[in-house]
Amino acid sequence: MKLDVVLAGDHVRLPGPVPGAASGGERIVPAAAVRDADPEADPPEIRTVLGETLFVPAGRRAAPESFCTANGIPRRSRPDVWGDLLEPFLDTEFPPGRRAATRARLRRVGLGDEEVAAIRARVAPLMRAYNAVHQDWHHLGLADLMDAATAAWIPGHRPVGSIDADAFRTWAMEIADLGFPGPGH
């Protein structure tokens, strides 16, 4: 689900097969359909008015900045909700103070302890399998979740295998936007 986007003039081009599309090929997203972007995110993000997050490879970090300037697209950073939600799946043990700070950030975006536990339980098999290979100890976020959701090497018991991948993607993107008012708010 992580897409290698190409920022081209007044549009974003999504090469190759598009998740959820009836046919392969590329998808074009006009600049007018881009809500905002965060060139400083890791990886840089372009977010559409429909709430979809598109990821720009980190090696092309300057591209979103130029694209935003040329098309009058606002630059906005949002809380890293998935970074906080996926923290337990890192190959790192965090001290109680760090865990408390994570819990506080999740509460600020409207996620209580029970909801956090339910979300983590839903993605746990997927993220454990993903990070067993990657052994990331620093950060897992939305881009990693989207990669894991479509990784062919993840065992068949993964949660996305039993539900609609588009519904999973929409659910994950909605969670990523929690606590983020978007433009005009």
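Just above, that's the structure.
About the thresholds
Residues numbered from 1 in each chain as written. Predicted model: local features only at pLDDT ≥ 70, side-chain atom pairs only at ≥ 80, totals over all residues. Heavy atoms only, no water. Helix = DSSP H or I, 4+ residues; strand = E, 2+ residues; numbered from the N terminus. Buried < 20%, exposed > 50% of the residue type's maximum accessible area, 1.4 Å probe, protein only. Contact = heavy atoms within 4.5 Å. Polar contact = N/O pair within 3.5 Å; in protein donor to acceptor, adjacent residues only side chain to side chain. Pairing = 2+ DSSP bridges. Axes fitted to C-alpha atoms, helices over the stretch in contact; angles between N-to-C directions. Parallel < 35°, antiparallel > 145°, perpendicular 65-115°, else oblique. Left-handed = near helix turned anticlockwise from the far one by under 90°. Nonpolar A, V, L, I, M, F, W, Y, C, P; charged D, E, K, R; others polar. Phe/Tyr/Trp six-rings, centres within 6.5 Å; stacked < 30°, edge-to-face > 60°. Lys NZ or Arg CZ within 6 Å of the ring centre and 35° of its normal.

Chemist: Just to check I follow, could you spell out the environment of Asp144 for this structure?
Modeler: Here Asp144 lies in helix 5 (residues 142-150). Looking at Asp144, the relative accessible area reads 16%, which means it is buried. For the pair Asp144 and Trp82, spaced 62 residues apart in sequence, the C-alpha separation works out to 9.3 Å. Not counting chain neighbours up to four residues away, the residues in contact with Asp144 comprise Met127, Tyr130 and His139. Polar contacts involving the side chain of Asp144 include one to the main-chain amide nitrogen of Gly141, which spans 2.8 Å.

Chemist: Looking at this model, I keep getting lost on the sheet that holds strand 4 (residues 34-38). Mind explaining?
Modeler: Hydrogen bonding along the main chain pairs the strands of a sheet, whether they run parallel or antiparallel. Here we have 3 strands laid out as an open sheet, ordered 4-5-6, and antiparallel in their pairing. Lying at the two open borders of the sheet, with one neighbouring strand each, are strand 4 and strand 6 (53-55). Taken pair by pair, the neighbouring strands of this sheet meet at an average axis angle of 25 degrees, ignoring direction. Sheet topology note: the strand 4/strand 5 (residues 45-48) ladder contains 4 bridges and is antiparallel.

Chemist: Sorry, what's going on with the packing of helix 4 (residues 113-134) against helix 6 (residues 165-176) here?
Modeler: The contact between helix 4 and helix 6 brings their axes to 13 Å, and the two run at 125 degrees. One way to sum up the angle between helix 4 and helix 6 is to call them oblique. Helix-helix and strand crossings are classified by hand; for helix 4 and helix 6 the assignment is left-handed. Of helix 6, the residues touching helix 4 (which contributes Ile119, Arg122, Val123 and Leu126) are Phe168, Trp171 and Ile175. Here the contact of helix 4 with helix 6 is built from residues that sort into 6 nonpolar, no polar and 1 charged.

Chemist: I tried to follow the packing of aromatic side chains on my own but got confused; where do I start?
Modeler: Inspection of every chain in the model, using the stated rule, returns 2 aromatic pairs. Ring geometry for Trp82 versus Trp171: centroids 5.6 Å apart, planes at 70 degrees, classification edge-to-face. A residue pair is termed long-range when its members are at least 10 positions apart, and Trp82 in helix 2 (residues 81-85) and Trp171 in helix 6 qualify at 89 residues. A relative accessible area of 1% places Trp82 in the buried class. Their ring planes at 45 degrees and their centres at 5.4 Å tell us that Phe168 and Trp171 sit as a pair that is tilted. With Phe168 and Trp171 both in helix 6 and 3 residues apart, the pair spans about one turn of that helix. For the pair shown, Phe168 and Trp171 are each scored as buried. By way of ring pairs, the aromatic residues Trp82, Phe168 and Trp171 are connected into one cluster. In this arrangement the basic side chain of Arg122 is found over the ring face of Trp171, its NZ or CZ atom lying 3.9 Å from the centre.

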